[in-house]
Amino acid sequence: MTAATVGSREKQSPESGVDLWLRLVMIWHVILGLGSLGGIAYVWAGADLADWVKILVSVALGLTAVASIVAVNDINGRKHRGRTISLAVNYLGFLVAFFGSLHRIGVFTGIDSLADSFLQGLPFLILVFAGFFIGTLTDRYQKPATQRALKQTSKAMMIVAGIAFLLAVGIHNGILVLLGKLTNPVILLMVVVTAVFGLMLWAMWRQPSAEAMNATNADNEMLSGYLFLSPNLLGFLFFFAGPLLLSLYVSFTNWDAFGTKDWVGLANYGRIVNIDVARLNTITQLASEAIDVTVYDELTRFEIFGKSYIVGAQDKLFWLSLRNTLTFVLLSVPLSVIPALFLSNLLNSKIAGMKFFRAVYFLPSVAAVVGIALVWQWLFNATIGYINYFITVMVDFLNSVGGSFFDPQIRWLSDSNTALLAVVIVAAWQWMGFNTVLFLAGLQNIPRSLYEAATVDGANSWQQFWKVTLPLLAPTTFFVITTTTIQAMQIFEQVFILIPTNPAGPNNSTLTLVLYLYQKGFQRFEQGYASAIAWVLFVIIFGATLFQFQRQRASGSSYDA
Amino acid sequence: MKSYRLTETLKKFLIYAVLIIFAFVMIFPFLYMLTTSFKLPKDTFRYPPRLLPRDALTMEVAGFDDPLPLYYVTVDGREEQFVLIESNIRTGVYADPNNPDVTVELPVSEVEPRGGFTNQEAITVAGEEQKLWDVLVNGEIVPMIQVSQTALGRFADPNDLSREVLQNVRLSQPVEELSAHPQNYNEVVDLQGMDRSLSNTALVTILVVSGQLITSILGGYAFARLRFPGRDKLFVVYLGTIMIPFVVLITPLYQLMVTIGWVDKLAALIVPWIFTAYGTFLMRQFFITIPKEIEEAALIDGASRLEILLRIFIPASTPALATLATFTFLYAWNSFFWPLVVINTGNVENHVLTLSLNVLRGRASDSPNLILAGAAIAILPPMIIFIFGQRFFVESATSSGVKG
Amino acid sequence: MSKRFSLLFVLMLALGLLLVACGGETTETAVEPTTAPAEVAAPTEAPAAEPAMEEVTLRWRTRPDNQAEIDVYQSVSDELSSTLEGVNLEYEAGGSETSSYQDVLKTELGAGTAPDVFWIPGTDIADFATRGLIMNLRDMATATTGYTDADFYPGPMYHLTFNPETGNTGETLWGLPRDVSTFALYINLDLLAESGAPDPRELAANGEWNWDSFIEVATAINNLGDDIYGYGQNAWWGPYGYWINAAGGGFFNEDRTACALDTAESLAGLEFEQRIYQEFNVAVPYGEDSEPPFLAGKVGMFQNGRWATPGTRSSANFNWDVVELPDGPAGPSNWLFWGAYVVNANTQHPEEAWKLVQALTTADVQGKIASLGANVPSRVSQAALDSFLTYTPPANNQAFLNGLANNPATEGPLWAGNWPEFDAVMGPAVAAVLNGEMTIDDYAASICNEANKVFNP
């Protein structure tokens, strides 16, 4: 019993129209196949295109031609495969023609002008939402009359506000321009082609055709599946998977965004990891006596078992940025997770005003990082900022009651020892509330009975925390730590805004990996090298996540046992 | 029993103390942002800093063209409000050579060289020759040496200008009143076109959120409920890409935008963000928890897949939709890195709020009041939405945690 | 609420928005020309529709620091639009210094969306020129009657006419300088008077304004209180460059092909500056932005360029003036900062762009921009300098002009290497020295090893 058979019962006799439509589709595929072959010939004969574009277009057209031939053959033999292929070809063709038309008409770039008038339309859009909201109120009233009235009001309001909105943002102008554009032969042709693809798609998709082509339930489900997934999948391939592969390719070139793009193999990666460790006679010996300073810059020197070593790196800044990023992660993750765990336990102790505090703690996570960093930049100001002022006040107070403290006058953003810490504070401040809310949700899922049982067993609240709360909160903790770590690894915006004039910070102390990547790719225009750094970052994040996953598994199983 | 109650109260008190301290820490930067955005530039550079915006008061005084600033001055142990009529009066600090601890501060114009300028008397103090000056102390002329020089301001009673006081201007307390300057917001809008940025950001956010909801629902449904070849393998690929940091894509994605002519276009901020693996994953995870029976019954009734999705799945998955909408909203509203790379034209037409802020912080680097007014414009809208939809936001964040 | 209605409604709304977006191109046509040729299969109608006297549209851009500047550039643009024949101008206010104005330009040049004419700082000329992003205007300049390089200060023109292929100057023309600027010390007169220290303006007039008297004044002001500083500067190459140059040193060797930061003179200059921070301890901590405390009335002497004048005018709540930088051991020293209008190498209208560059650097336009207070005209002209003196406050504008006359080192690009990379090596190292985190000896041992890597082999 399926939809297909149910449907067929209602429309009894197989129409002769189906055959006509199918014949039409076959003719279309013949035209399409020949056209594609012609297209290939044209591309190689006269078109002024780059070679890789030619190859790409030829492959696409070639596939279309082959698919069309197979489709014609299968449709003729009423094999369902023919329908699938035909649908796929026409669907893709439709999308290409449709988005091509939109592109040509200028809809995508036209979004800009939409934004121009959008503010005028915004009040009406809010009215639309208000209308919708009125509609949702119907459930609250019992009387059918009230319900109906509400429904009507809601509908009317939405329609009127909707039309007003469209007029306010300039739909009349858009329609006029569109009509004007349609007189352009190229655009008109593209629109017609779109329509033909659409028509053929409809002809093959509709129920009678499906029956004529002997579609099974599984066939229909498969087609629905691909159809439903297609917007997502195609966009994903175009804007994600494609660029991803390209990125990998770029990382093996010396691309500079202005034309140079030579294959350099592993040279970029080689430059990243190229370090040299050498023995020093004394820890203060000159670097130039130990390492080749025309290649390596001194990264660090250290003493171990009474012997001195020096580490030089070809790209010193990469290693510094890696060190800074890891330091940042090691500081910011605990600072935003442990207080969150602590606060969530306080909030979970059934106190009045829990929701208020929860909301307040959550507030920073809805605010734009750029805005927040600007605010903190002034708070951190060493001479007139609030943070140092609070410290001064505190020190004065402690000294007035007999302490003898020294006012540190911390130069938060200009001291290489504190600049990264300042970034950590801002990040932890912003992430802490979000993590608190996550923990709180996890805590509320732990059954009360477990605590009661623990109390009966004589466990105090400290023991309860370690023996009950923490193990049962493990999945949430894992989620929180993993997401915070991934976020922290990619720290960029906070640093970029917070540290004025030079985001790399005093003595490169706030140069993070993503910031370095940005500098290389979009300030020095070594985009090939920047891509290589991005892939190294990916490997690091992947490794860190995998490591946490393993630990989570290990600890999880030990708890179960 | 009593002591138990006492410890309970104490515990409650402690808990609240901690919660309130943290709440203060969370709120304070926003408070600072708001109050500073209503200040005058001069007020923002004051130390010690003060939260509320204040204006220094001035007063029209007969005989002076411009209004004069008012200061607190202590006269005969009483605090009064005097106007500053003259500043930077060169002043000498004079001391009795025999008794150096006794010093007087007087304008240099009021002392006379002892013995006249051409033939000024001198005295040797601690091995150094020092000039002697005639200084009037308590109606009596005393020969003194100048220890150092400084500058003082002349303050006078606005009602009786003959009542004068000399004191250090820098250390004097100006008379001020609370006052707000909302015109800072107008200025920021004019300077940086923040209204246009707001409009752009709102449009981008609405389109990204709705677009992403649509593709994620459709894709999630396909992954959750429809069988087709390659489905599970594809899903694994989707899952695997969630972890890839965005920066890996930035260079080629930028180049793609160049190729299709979307650089500097809002479309570049919208279209690529409509398709995400994360959203699809989230919806799929939620959809598989919906019982199959309802769906099968609907199919038998002849409902199409789309109808089933609209009638059964979407109403049943409000929490997941809220989660996705929330995350997408915050991401789209607050994103900075990608707009920074792809929208970079000098004209502010296509700037989103974060970009405008980035330019503003340079243009108005000497006016924190303007910068923070700009920050407030960017931060407040999501915050207002959050306050009204608090439950919605927090619960959606929660459900993501449980799911993860 | 029926689902069907909602769905239909949302679909209609979306379709409506799509239609609205169709209207976009009408407003965009003016900006389109620069990108259109890049598109494949451009329709043939466009050239046919172009009549003989069609106005060409040129986009130009500067890096304004505030609204007043934007307004002046906009009015200049409007005026030139009507006076220049056959040219229609569109002015764009570029991002500020912190929003990486030059990097954004390069990105846009790569993408083909950059304006036709734009201003860039002097340090960036070499990078733009050697990457082939800006146009050599020499041929057009030669053909232009009345144009001569000598109209502008020779320092900037040396670099603007440098030929990277031959290594000679005077062979090319990468653009024309918009403005020049020098450093001065902005003085808080109230603090100075209160401290009782001698007035640097008088010292300068008597030829006694040197590093010793500088320290004396700075110390006197610094002693006024714990939160008062004698001196302040900002953390970039200009300010510390002065101390290095004034001691007889410099960043590069004579022909700018190698690092000279480790010469005895350069080290002496840096060492003295280190003493200001570490020994005399009279300055705003290095790396902290000195402008907010200066405007708050807590810094006695603030070393900055002419561009700090507008902000000081509007925000300073105290009496202030400027004085030239003190003479160093090697005599007076300063920087000649400058920036130039250059032409996009891919512009469709080079002739018109060259006309625009000339029009933007006339004495009249330069006067308008200089009257804002942010810079000094770049034309060698006594009339321009005379009118510059009237742009007060500060009263002592002569200090900036003295800086111009006092053998300033020209802010310059690095034709033989990569300036941003050089800066990225030098900046952190100098900061470490000034903050006392690195000794002068360690600095001397390593700085040029690292910095020399940025020069072309």
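Residues numbered from 1 in each chain as written. Chains lettered and ligands numbered in written order. Predicted model: local features only at pLDDT ≥ 70, side-chain atom pairs only at ≥ 80, totals over all residues. Heavy atoms only, no water.

Here the focus is the overall build of chain C. In terms of helices and strands, chain C carries 21 helices and 11 strands. Principal-axis analysis of the C-alpha atoms places the extent of chain C at approximately 75 × 70 × 45 Å. When burial is assessed residue by residue, chain C has 59% of its 457 residues classed as buried. Just so you have it, chain C exposes about 16,800 Å², and 51% of that area is on carbon and sulfur atoms. Distance from the positive charge centre (19 side chains) to the negative charge centre (61 side chains) of chain C: 7 Å. (Helix = DSSP H or I, 4+ residues; strand = E, 2+ residues; numbered from the N terminus. Buried < 20%, exposed > 50% of the residue type's maximum accessible area, 1.4 Å probe, protein only. Areas by Shrake-Rupley, 256 points an atom, 1.4 Å probe, with all protein chains shown as cover. Lys, Arg positive; Asp, Glu negative; His and termini not counted. Charge placed at Lys NZ, Arg CZ, Asp CG, Glu CD.)

Accessible area lost upon the coming together of the parts is a frequently used measure of interface size. Here the domain parsing of chain A yields domain 1 (14–215), domain 2 (275–314) and domain 3 (318–560). One C-alpha centre belongs to domain 1 of chain A, the other to domain 3 of chain A; they are set 46 Å apart. (Domains from an automatic or database assignment.)

Residue-level contacts link 112 residues of chain B with 97 residues of chain A. Across the chain B/chain A interface, buried area totals approximately 9,700 Å², and carbon plus sulfur atoms make up 78% of it. Three residues, L19(B), M26(B) and M243(B), lead the burial of chain B against chain A; their summed loss comes to 7% of the area buried on that side. Our enumeration of links across chain B and chain A arrives at 2 salt bridges. (Contact = heavy atoms within 4.5 Å. Buried area = accessible area lost by both parts, 1.4 Å probe. Salt bridge = Lys/Arg side-chain N within 4 Å of Asp/Glu carboxyl O.)

Residue and element names in this part refer to chain C. Taken in spatial order, the 4 strands of this open sheet run β6-β7-β5-β8, and their pairing is mixed. At either end of the open sheet lies a strand with only one pairing partner, and these are β6 (229–232) and β8 (320–323). For this sheet, the mean inter-axis angle between neighbouring strands, taken without regard to orientation, is 20°. Here 3 bridges tie β6 to strand β7 (residues 299–305), and the two strands are oriented parallel to one another. Bridge pairing in β7 links Y229 to V299. In the packing of helix α11 (residues 211–222) onto the sheet, the strands contacted are β5 (183–188), β6 and β7, and the crossing angle to β6 comes to about 130°. (Pairing = 2+ DSSP bridges. Axes fitted to C-alpha atoms, helices over the stretch in contact; angles between N-to-C directions.)

Further remarks concern the state of the cysteines. All names here are of chain C. For the structure shown, the criterion picks out 1 disulfide over all chains. One disulfide in the model links C259 with C448; its S-S distance is 1.9 Å. Between C259 and C448 the disulfide shows an S-S torsion of about -60°. By sign, it is left-handed. Of this pair, C259 sits in the loop between α12 (237–246) and α13 (264–278) while C448 sits in helix α21 (residues 440–451); the two residues are 189 residues apart in sequence, bridging distant segments of the chain. (Disulfide = S-S within 2.5 Å.)

The next thing to look at is the domain arrangement of chain C. All names here are of chain C. Segmentation of chain C into domains returns domain 1 (56–180 + 337–405) and domain 2 (183–334 + 416–454). A straight line from the C-alpha centre of domain 1 to that of domain 2 covers 28 Å. Counting residues at the interface gives 21 residues for domain 1, matched by 21 residues for domain 2. When the two sides are added together, the surface that domain 1 and domain 2 hide from each other amounts to roughly 1,800 Å², 62% of it contributed by carbon and sulfur. When the area that domain 1 buries against domain 2 is broken down by residue, the three leading residues are T123, F337 and F400, summing to 33%. In this assembly, domain 1 and domain 2 are joined by 0 salt bridges. Between domain 1 and domain 2 we count 8 residue pairs in polar contact (both at pLDDT 80 or more) in total. The element contributing the most residues to the side of domain 1 that touches domain 2 is helix α19 (residues 398–405), with 4 residues. Of the residues that constitute the side of domain 1 that touches domain 2, the class distribution is 10 nonpolar, 11 polar and no charged. (Polar contact = N/O pair within 3.5 Å; in protein donor to acceptor, adjacent residues only side chain to side chain. Nonpolar A, V, L, I, M, F, W, Y, C, P; charged D, E, K, R; others polar.)

The interface is formed by 69 residues belonging to chain A together with 51 residues belonging to chain C. With both sides pooled, the region where chain A packs onto chain C buries about 4,800 Å², and carbon together with sulfur makes up 63% of that total. On the chain A side of the interface with chain C, the three residues burying the most area are F258(A), T383(A) and R524(A), jointly 13% of the side's total. At the junction of chain A and chain C, the tally comes to 4 salt bridges. Of the charged contacts, one joins K453(C) and D297(A) as a salt bridge, the two residues approaching to 2.4 Å between their closest N and O atoms. Joining chain A to chain C, the criterion identifies 13 residue pairs in polar contact (both at pLDDT 80 or more). For the side of chain A that touches chain C, the secondary structure elements donating two or more residues are α4 (80–105), α5 (107–136), α6 (144–168), α7 (171–182), β2 (297–304) and α21 (513–522) of chain A. A total of 11 residues in the side of chain A that touches chain C trace back to one element, the largest contributor, which is α5(A).

Another point: the sheet that holds strand β1 (residues 275–280) of chain A. By definition, the strands of a sheet pair up through backbone hydrogen bonds, in either a parallel or an antiparallel sense. Residue and element names in this part refer to chain A. Pairing is antiparallel in the open sheet, where 3 strands are placed in the order β1-β3-β2. Looking at which strands have only one partner, the edges of the open sheet turn out to be β1 and β2. Adjacent strand axes in the sheet meet at a mean angle of 25° when their direction is disregarded. In this sheet, strand β3 (residues 307–313) lies alongside β2 in antiparallel orientation, the contact comprising 7 bridges. From the neighbouring strand, E298 faces β3, where its bridge partner is G312. Helix α12 (residues 316–347) contacts β1, β2 and β3 of the sheet and is inclined by roughly 55° relative to β2.

Attention now moves to the packing of aromatic side chains. Evaluation of the coordinates by the stated rule reveals 117 aromatic pairs over all chains. Positioned above the aromatic ring of F235(B) is the side chain of R284(B), whose terminal nitrogen or guanidinium carbon lies 4.1 Å from the ring centre. (Phe/Tyr/Trp six-rings, centres within 6.5 Å; stacked < 30°, edge-to-face > 60°. Lys NZ or Arg CZ within 6 Å of the ring centre and 35° of its normal.)

All names here are of chain B. Interhelical geometry of helix α4 (residues 194–225) versus helix α8 (residues 277–287) gives an angle of 50° and a closest axis separation of 7 Å. With respect to each other, α4 and α8 are oriented oblique. The two elements α4 and α8 meet at a crossing, and its hand is right-handed. Contact with α4, carried on its side by Q212, S216, I217, G219, G220, Y221, F223, A224 and R225, involves G279, T280, M283, R284 and F287 of α8 and no other residues of that element. Across the contact of α4 with α8, the residue classes break down as 6 nonpolar, 6 polar and 2 charged. (Parallel < 35°, antiparallel > 145°, perpendicular 65-115°, else oblique. Left-handed = near helix turned anticlockwise from the far one by under 90°.)

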